[in-house]
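These are the residues of each chain, in order.
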Amino acid sequence: MTRKKKTETVVESKPEQETQEKTEEATVNVGPILPSELPDIDVEEIEGVGRVTAQKLRQHGYTTVKDVAFASVKELAEVVGSEDRALNIIKAAQKLLGLRPFISALELYEKRRSIKRISTGVKSLDELLGGGIETRAITEFVGEFGAGKTQLCHQLSVMVQLPEDKGGLSAKAMYIDTEGTFRPERIMQIAKYRGLDPKEALKNILYARAYNSDHLMLLVEEAKKIVEKENIRLVVIDSIIAHFRAEYPGRENLAERQQKLNQLISMLLRIADLHNVAVVVTNQVIAQPDVFFGNPLKPAGGHVLAHGATYRVWLRKGKENIRIAKIFDSPMHPEREITFKITDHGCVD
Ligand code: GTP
Ligand code: MG
């Protein structure tokens, strides 16, 4: 299965740092091609960066050359004073890491093989997704209230902790909650059912409540700094859209809102790609009053979210505790629907 829409960060590093992943088949050794495989070099090593600038960079979360090499010029200009200076520093950082603008398709193939999957704990949903949710991608769950978005976020926060043979990545989760609907008790229930120690499972989830959209952006900035250090392989944002909709109502604010949302999604894509983590976001549906035929509901967030999310899953309520899931907006996936149940054990087939 190929991911759609995502812009691949095209990198390769110095040949002497060959830390190839063990693979079943013999492959041509192309060296480390994932940003997360690049070495951590202090920002002070970058040509043209002195002690004072290095200090400033660190204060803003750019601790390694890698952070600088993949920064946007605009972003970095706020730290170093001008866009020209920022561009020069970024170029110097890329040079230091031995990055090239192009890689071969074989390298890309190798890079794609580094994508890992986290099982949702629901077989049919995993099948629909091609084996679970992917690292280095953003998966979006969209649906009406009670559709099961938050439940799936809870479930994945537990699933990522399981060993690989049980569908996880033996890693931690980060949970950014904008609506105050995270329930530790629910995590404990799900963890117990999945054979984990409930308290340990809670310890392995780093939780933050985001009080407004600016706060949310700050938290994601913060996330960038700690995902690798803390062995986090799943970053959840439940919901990505709620604050934006509340703070920027009406058409007159739409452009500004979308610009900010775009910035947030770029940050998330970068985290996913640089650190090989899975990002899961939830989204709401809005009514289209002018639609008389077909589905009168559509996902909020417009084109920005539609292009940013790598996979989009639409969730619907069925009878009682039955939920229906469908992947939409994807040329690669069949328009098939699957069902699952929300029980005391979490989401199950
Ligand atoms: P909004 O955030 O309101 O848009 O909805 P959502 O899509 O996040 O819905 P959510 O995931 O919160 O699903 C809520 C549904 O999950 C409820 O209607 C319950 O049926 C079910 N649910 C939540 N907690 C439990 C629980 O502890 N046990 C069981 N059996 N079901 C639960
Ligand atoms: Mg919810």
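This is a predicted model, so every value here is computed, not measured.

Caption draft 1: Structural context of the overall build of the protein. Helices and strands together make up the secondary structure of the protein, namely 13 helices and 13 strands. The 349 residues of the protein split such that 51% are buried. The long-range fraction of contacts in the protein, counting pairs at least 24 apart against all pairs at least 6 apart in sequence, stands at 67%. Just so you have it, the protein exposes about 16,600 Å², and 52% of that area is on carbon and sulfur atoms.

Caption draft 2: Seen up close, the site of ligand 1. For ligand 1, the set of nearby residues contains 15 residues, the closest of which are Gly146, Lys149, Thr150, Gln151 and Asp344. At a separation of 3.2 Å, an oxygen atom of ligand 1 approaches a polar side-chain atom of Arg186. In this structure, Gln189 approaches ligand 1 through a side-chain N or O atom, which is 3.5 Å from an oxygen atom. Protein contacts shield 64% of the accessible area of ligand 1, which totals 670 Å² for the unbound molecule. Sorting the residues of the shell around ligand 1 by element identifies helix H7 (149–159), helix H8 (184–193) and strand E12 (337–343) as the ones contributing at least two each. Sorting elements by how many residues they give to the shell around ligand 1 places H7 first, with three residues. Considering only residue class, the shell around ligand 1 consists of three nonpolar, six polar and six charged.

Caption draft 3: The arrangement of the side chain of Thr150 in detail. Relative to the assigned elements, Thr150 resides in helix H7. On the basis of relative accessible area, Thr150 is assigned to the buried category, the value being 18%. Once residues within four sequence positions are removed from consideration, Thr150 is found in contact with Tyr175, Thr181 and Asp238.

Caption draft 4: View of the confidence of the model for the protein. When pLDDT is averaged along the protein, the result is 88, and 89% of the positions lie at 70 or above. Here residues 1–32 is a poorly scored stretch, pLDDT under 50, and it has 94 contacts once near neighbours within four places are set aside; other chains count.

Caption draft 5: Local environment of the pattern of salt bridges. Inspection of the entire model under this criterion finds 15 salt bridges. Of the charged contacts, one joins Glu44 and Arg58 as a salt bridge, the two residues approaching to 2.9 Å between their closest N and O atoms. One end of the pair, Glu44, is in the segment before helix H1 (51–59); the other, Arg58, is in helix H1, with 14 residues separating them in the sequence. By relative accessible area, Arg58 is classed as partly exposed at 28%. Lys260 is the partner of Asp214 in a salt bridge, and the nearest nitrogen-oxygen pair spans 2.8 Å. Taken as a pair, Asp214 in helix H10 (residues 213–226) and Lys260 in helix H12 (residues 254–275) lie far apart in primary sequence, 46 residues in all. Each member of the salt-bridge network shares a partner with another, and the members are Asp40, Lys66 and Glu228.

Parameters at a glance
Residues numbered from 1 in each chain as written. Chains lettered and ligands numbered in written order. Predicted model: local features only at pLDDT ≥ 70, side-chain atom pairs only at ≥ 80, totals over all residues. Heavy atoms only, no water. Helix = DSSP H or I, 4+ residues; strand = E, 2+ residues; numbered from the N terminus. Buried < 20%, exposed > 50% of the residue type's maximum accessible area, 1.4 Å probe, protein only. Contact = heavy atoms within 4.5 Å. Areas by Shrake-Rupley, 256 points an atom, 1.4 Å probe, with all protein chains shown as cover. Near = heavy atom within 4 Å. Polar contact = N/O pair within 3.5 Å; in protein donor to acceptor, adjacent residues only side chain to side chain. Nonpolar A, V, L, I, M, F, W, Y, C, P; charged D, E, K, R; others polar. pLDDT = per-residue confidence, 0-100. Salt bridge = Lys/Arg side-chain N within 4 Å of Asp/Glu carboxyl O.

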